Amino acid sequence: MSKIRHEPQAPTRVQDLAAGQGIDAHRHDDHQIVYAGAGVLAVTTDAGTWVAPGTRALWVPAGTVHAHRAHGHLELHLVGLPADDNPLGLTAPTVLAVSPLLRELIRAYTRSPEDAGPERRRLLAVLRDQLRAAPQQPLRLPTPADPRLAAVCALVHDAPADPRTLAALGVATGTGERTLSRLFRAEFGMTFPQWRTQSRLYHALRMLADDVPVTTVAHRCGWSSASAFIDVFRRCFGCTPGAYQRNQRQMAGLDGTLPATRPL
């Protein structure tokens, strides 16, 4: 991440990004909550990439260098909090589950960032309470440090439908299966199958944001069937991929309805 911008204050606002558009590497002296009202947001730091669909928000601690990337049309909601106001007590980027109440609080709070009235202050107090109650959801792709691990991760990430086992990938990259298994646990705190599922979900979210059919997504991301993909997606995000896509269309106003995040 070269040419890192320094923005002392983390903004509170709503910002639209077209598919593929990004915000380059920068850091704030404040904390920030990042939420995708529509589309899928990928936030990258030196430690890895965090993925935040509409059912997730990302906590970015003060001082963290990060860059944004939109997948699908992105409605980006940003909430800045002073460095001495850390309701979560977290010092690393973290994905949080977003309840319907927290979602509406974020939307409402980011609509009028210039408002400093008592009602908005009360809104922020409730938002902070809901943040503290939000479960953490570890959906990220960590950046490998060991070059042997990086080689395997690159093969899988570049071809999510690749069915090869860790042993076969080890043969392709010249590293033993036992060594790679140890590296996955030591660096990522997860097994190879767990990491591959995270990688496939990352690709799946990007494709769903581009309105790729669910069955096609399942095939391109390496699931044996659409039903297997749907089961994993539901367990991770609390809804089916089809329901997720319909909700995303509604949020973006692509189904003939008014966008849900736009005030009338």
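For the structure itself, consult the block above.
Parameters and conventions
Residue numbering note: each chain is counted from 1, following its sequence as written. In view of the model being predicted, local features appear only for residues whose pLDDT reaches at least 70, and side-chain atom pairs are presented and counted only at 80 or more, with totals across whole chains, interfaces and linings using the full set of residues. As a convention, hydrogens and water are excluded, and side-chain values are obtained from all of the structure's heavy atoms. Secondary structure counts use DSSP, requiring at least four H or I residues in a row for a helix and at least two E residues in a row for a strand, with both numbered from the N terminus. Residue exposure (1.4 Å probe, protein chains only): buried if accessible area is under 20% of the type maximum, exposed if over 50%, otherwise partly exposed. For this analysis, residues touch if any pair of their heavy atoms sits within 4.5 Å. Note that accessible areas follow from Shrake-Rupley with a 1.4 Å probe, and for residues the cover is restricted to the protein chains shown. Each nonpolar core is a collection of buried residues, namely Ala, Val, Leu, Ile, Met, Phe, Trp, Tyr and Cys, held together in the definition by side-chain atoms within 4.5 Å. At least two bridges found by DSSP between two strands is the condition for calling them paired. Take the number of residues in a helix, subtract one, and multiply by 1.5 Å to get its expected span. In the sections that follow, a salt bridge refers to a side-chain nitrogen of Lys or Arg positioned within 4 Å of a carboxyl oxygen of Asp or Glu. Disulfides are defined as pairs of cysteine sulfur atoms found within 2.5 Å of each other.

Remarks on the overall build of the protein
Link 1 in the chain: Broken down by element type, the protein carries nine helices and nine strands.
Link 2 in the chain: If you line up the protein on its principal axes, its C-alpha atoms span 65 × 40 × 35 Å.
Link 3 in the chain: Residues classed as buried in the protein amount to 48% of the 264 residues present.
Link 4 in the chain: Considering only residue pairs separated by 6 or more positions, the protein has 71% of its internal contacts joining residues 24 or more positions apart.
Link 5 in the chain: Carbon together with sulfur atoms contributes 52% to the accessible area of the protein, which is approximately 12,200 Å² in total.

Some remarks on the nonpolar core
Link 1 in the chain: Ranked by size, the top nonpolar core spans 37 residues in total, and within it Phe 184, Trp 195, Phe 229 and Phe 233 carry the most contacts.
Link 2 in the chain: Breaking this core down by element, the ones donating at least two residues are β4 (31–45), α3 (147–158), α4 (166–173), α5 (177–188), α6 (192–209), α7 (214–220) and α8 (226–237).
Link 3 in the chain: Here the element with the most residues in this core is α6; it accounts for eight residues.
Link 4 in the chain: If you look at the next biggest cluster of nonpolar residues, it comprises 18 residues, including Leu 90, Leu 96, Val 98 and Tyr 109.

As for the pairing of strand β3 (residues 22–28)
Every regular strand shows the same layout, with side chains that alternate between the two sheet faces.
Link 1 in the chain: Inspection of the sheet shows strand β1 (residues 5–7) paired to β3 by three bridges, in the parallel sense. Opposite Glu 7, over in β3, you have His 28 as the bridge partner.
Link 2 in the chain: In this structure, β3 lies alongside strand β7 (residues 66–81), joined through three bridges in antiparallel fashion. Along β7, the bridge assignment pairs Ile 23 with His 68.

Some points on α6
Link 1 in the chain: Taking 1.5 Å per residue, 18 residues should reach 26 Å; α6 reaches 26 Å between its end C-alpha atoms and fits that length.
Link 2 in the chain: Burial analysis of α6 places 13 of its 18 residues in the buried class, which makes it a mostly covered element.
Link 3 in the chain: At the exit of α6 stands Asp 211, carrying a positive phi of roughly 65°.

A short note on the environment of Thr 55
Link 1 in the chain: Mapped onto the elements of the fold, Thr 55 is located in the loop between β5 (48–52) and β6 (56–60).
Link 2 in the chain: In contact with Thr 55, not counting residues within four places along its chain, are Leu 96, Ala 97, Val 98 and Phe 237.

Topic: the pattern of salt bridges
Side-chain pairing between opposite charges can occur once the charged atoms of the two side chains come close.
Link 1 in the chain: Under the defined criterion, the tally for this structure stands at 10 salt bridges.
Link 2 in the chain: Arg 103 is the partner of Glu 104 in a salt bridge, and the nearest nitrogen-oxygen pair spans 3.2 Å.
Link 3 in the chain: Measuring nitrogen to oxygen at the nearest pair gives 3.2 Å for the salt bridge that ties Asp 231 to Arg 235. Remark: Arg 235 and Asp 231 occur in helix α8; sequence separation between them is four residues, near one turn of the helix.
Link 4 in the chain: Note on Asp 231: relative accessible area 34%, which makes it partly exposed.
Link 5 in the chain: With a relative accessible area of 61%, Arg 235 lands in the exposed category.

Observations concerning the state of the cysteines
Link 1 in the chain: All chains considered together, the criterion is met by zero disulfides.
Link 2 in the chain: Summary of cysteine pairing: Cys 153 is not part of a disulfide, and the nearest cysteine sulfur, belonging to Cys 221, is at 16 Å.

Observations concerning unusual backbone geometry
Link 1 in the chain: Although it is not a glycine, Asp 211 sits at a positive phi angle of roughly 65°.
Link 2 in the chain: Examined against the element boundaries, Asp 211 turns out to sit in the loop between α6 and α7.

A closer look at the environment of Leu 76
Link 1 in the chain: Mapped onto the fold, Leu 76 is located in strand β7.
Link 2 in the chain: Each C-alpha atom of the pair Leu 76 and Val 232 lies 26 Å from the other, and the pair is 156 residues apart in sequence.
Link 3 in the chain: Look past the residues within four positions of Leu 76 in its chain and what remains in contact with it is Arg 13, Val 14, Gln 15, Leu 17, Ile 23, Val 34, Tyr 35 and Leu 41.

Bear in mind that shape data such as this cannot, by itself, settle questions of function.
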